[in-house]
Amino acid sequence: QVQLVESGGGLVQAGGSLRLSCAASGSIVTIAAMGWYRQTPGKQRELVASIPSGGAPNYADSVKGRFTISRDNAKNTVYLQMNSLKPEDTAVYYCNAKLVVVGTLWGASYWGQGTQVTVSS
């Protein structure tokens, strides 16, 4: 089984910063990509940022220049540094990993449990 454990959410004032972490564990052969999505009530989950193995990161237009995604392959961990936070960044943030599990030949998508980020004005 695979687990994605997130940490780092919380309450912050507008203009502040938070750093999210997500560690993947379990019978993992390889991780193709890791990323962060967010969701607010009544809306679809949307991509915030993603980073493929050995590739360039990708960001939603709304967070470019403010958020930075990074990855520690040795620890199977992905980070999201969020600066200059705005009230509209308030959401539940979910970690996602596209990976191959021991005993399979194809990748699958796994999700963390979500962490709440609240930005007050």
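Residues numbered from 1 in each chain as written. Predicted model: local features only at pLDDT ≥ 70, side-chain atom pairs only at ≥ 80, totals over all residues. Heavy atoms only, no water.

Caption draft 1: Examining the state of the cysteines more closely. As enumerated under the stated definition, the model contains one disulfide in all. Between the sulfur atoms of Cys 22 and its disulfide mate Cys 95 the distance is 2.1 Å. Judged by the torsion about the S-S bond (-80°), the Cys 22/Cys 95 disulfide is left-handed. Here Cys 22 is found in strand β3 (residues 18-26), whereas its partner Cys 95 is found in strand β9 (residues 91-101), with 73 residues between them in sequence. Like Cys 95, Cys 22 is buried. (Disulfide = S-S within 2.5 Å. Helix = DSSP H or I, 4+ residues; strand = E, 2+ residues; numbered from the N terminus. Buried < 20%, exposed > 50% of the residue type's maximum accessible area, 1.4 Å probe, protein only.)

Caption draft 2: A look at the side chain of Thr 77. Mapped onto the elements of the fold, Thr 77 is located in strand β8 (residues 77-82). Of note is the side chain of Thr 77, whose polar atom sits 2.9 Å from the backbone oxygen of Lys 75. Once residues lying within four places of it in the same chain are set aside, the contact partners of Thr 77 are Cys 22, Ala 23, Met 34, Ser 70, Arg 71 and Asp 72. (Polar contact = N/O pair within 3.5 Å; in protein donor to acceptor, adjacent residues only side chain to side chain. Contact = heavy atoms within 4.5 Å.)

Caption draft 3: Expanded view of unusual backbone geometry. Despite not being glycine, Asn 76 has its phi angle at roughly 50°, a positive value. Mapped onto the elements of the fold, Asn 76 is located in the loop between β7 (67-72) and β8. The residue Ser 84 is not glycine, and still its phi comes out positive at about 50°. In this structure, Ser 84 sits in the loop between β8 and β9.

Keep in mind these values describe shape, not function.
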